Amino acid sequence: LGSASYQIEIVWCAASVCLTSISCALRAQLQGLQQLRRLAVYGMLVSVFSAAVLIASCFCCGLNAVAPALAFASASEAFLLFLATRRITPRFAIVPWKLFLTQSAVFVRLGVSLVSALFISYGVTYATRALINQELGLEQTGYYLAAVALSTKAVGFLVDSIRVDLFPKLAAAAQDDDARR
């Protein structure tokens, strides 16, 4: 635990987490500005590129390349989404304070429930890692974390593929709804 032998891998994983958070914020910006088509296209590009980087690096370099590959995939995702959001000019509206408070109460309740679910999720994750570390040792914990990271990327690829199919249909349905009004 006090060893310096995993410092580089920890830095790579920390960079990956930071860049993934930035990517999520950029995705939320695209979604919030109703750029669903652009989100779908860039999401598919990011998914294919990230999967290719992870598979190629793990095939060529083995387990030593997992952490750098995750960081590189996250960096490429953040960069591509930054390019997608850079061209968008948001529309601003002046909202009265009373209306803002009335309508934001729903989002505050949603935020509280999401943050609570996030804390529970992190607590379960921490307890699982602590249990594996206590029962099986540090090496097995490392294997578990690598498996979780790779499976998370695989599930992310599937979710991105579903999103690519779903967002254009949602955009078409919204346009049809606007046309009927």
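Residues numbered from 1 in each chain as written. Predicted model: local features only at pLDDT ≥ 70, side-chain atom pairs only at ≥ 80, totals over all residues. Heavy atoms only, no water.

Enquirer: Hey, could you run me through the nonpolar core in this one?
Expert: It is characteristic of soluble globular proteins that their nonpolar side chains tend to be buried jointly. Core analysis: the largest hydrophobic core is formed by ten residues, namely Leu 26, Leu 30, Leu 36, Leu 39, Ala 40, Tyr 42, Leu 81, Ala 84, Ile 88 and Phe 167. Listing elements by their share of this core, those giving two or more residues are α1 (7–32), α2 (36–61) and α3 (66–86). Here this core takes four residues from α2, the largest share from any one element. Here Leu 30 is in contact with Gln 35, Arg 38, Leu 39, Leu 81, Ala 84, Thr 85 and Ile 88, once residues within four sequence places are set aside. By size, the runner-up hydrophobic cluster in this structure holds five residues, among which are Val 53, Leu 54, Val 66 and Leu 70. (Core = buried A, V, L, I, M, F, W, Y, C linked by side-chain atoms within 4.5 Å. Buried < 20%, exposed > 50% of the residue type's maximum accessible area, 1.4 Å probe, protein only. Helix = DSSP H or I, 4+ residues; strand = E, 2+ residues; numbered from the N terminus. Contact = heavy atoms within 4.5 Å.)

Enquirer: I'm lost on α1 in this one. Help?
Expert: Structural remark: α-helix, 3.6 residues per turn; residues separated by three or four positions point the same way. The first and last C-alpha atoms of α1 sit 37 Å apart over 26 residues, in line with the 38 Å expected at 1.5 Å per residue. Taken together, the buried positions of α1 are Ser 16, Ser 23, Leu 26, Arg 27 and Leu 30. Downstream of α1 by a residue or two, Gln 34 has a phi angle that is positive, lying close to 60°. (Expected span 1.5 Å × (residues − 1).)

Enquirer: What is the right way to look at the confidence of the model for the protein chain in this model?
Expert: Note: predicted coordinates in regions of low pLDDT should not be interpreted at a detailed level. Confidence in the prediction for the protein chain averages 81 pLDDT; 94% of positions are at 70 or higher. Here helix α5 (residues 138–180) is the element of the protein chain with the lowest mean pLDDT, 78, and helix α4 (residues 97–136) is the one with the highest, 87. (pLDDT = per-residue confidence, 0-100.)

Enquirer: Explain the environment of Ile 94 to me, please; I cannot follow it from the model alone.
Expert: In this fold, Ile 94 is placed in the loop between α3 and α4. Counting along the chain gives 83 residues from Ile 94 to Val 11, while the straight-line C-alpha distance between them is 43 Å.

Enquirer: What is the right way to look at a nonpolar patch on the surface in this model?
Expert: On the surface, Val 95, Trp 97, Leu 99, Phe 100 and Leu 101 cluster together into a nonpolar patch covering about 520 Å² of accessible area. For Phe 100, the position within the fold is in helix α4. (Patch = residues over 30% accessible without salt bridge, like charges linked within 9 Å, V, L, I, M, F, W, Y side chains within 5 Å. Areas by Shrake-Rupley, 256 points an atom, 1.4 Å probe, with all protein chains shown as cover. Salt bridge = Lys/Arg side-chain N within 4 Å of Asp/Glu carboxyl O.)

Enquirer: It is not clear to me how the packing of aromatic side chains should be interpreted in this structure. Could you clarify?
Expert: Each pair of aromatic rings is reported with the distance of its centres and the angle of its planes. For the coordinates displayed, the defined rule picks out two aromatic pairs. For the pair Phe 49 and Phe 72, a centre-to-centre distance of 6.1 Å together with 50° between the ring planes defines the contact as tilted. Here the residue Phe 49 occupies a position in helix α2, and Phe 72 occupies one in helix α3, the gap between them amounting to 23 residues. (Phe/Tyr/Trp six-rings, centres within 6.5 Å; stacked < 30°, edge-to-face > 60°.)

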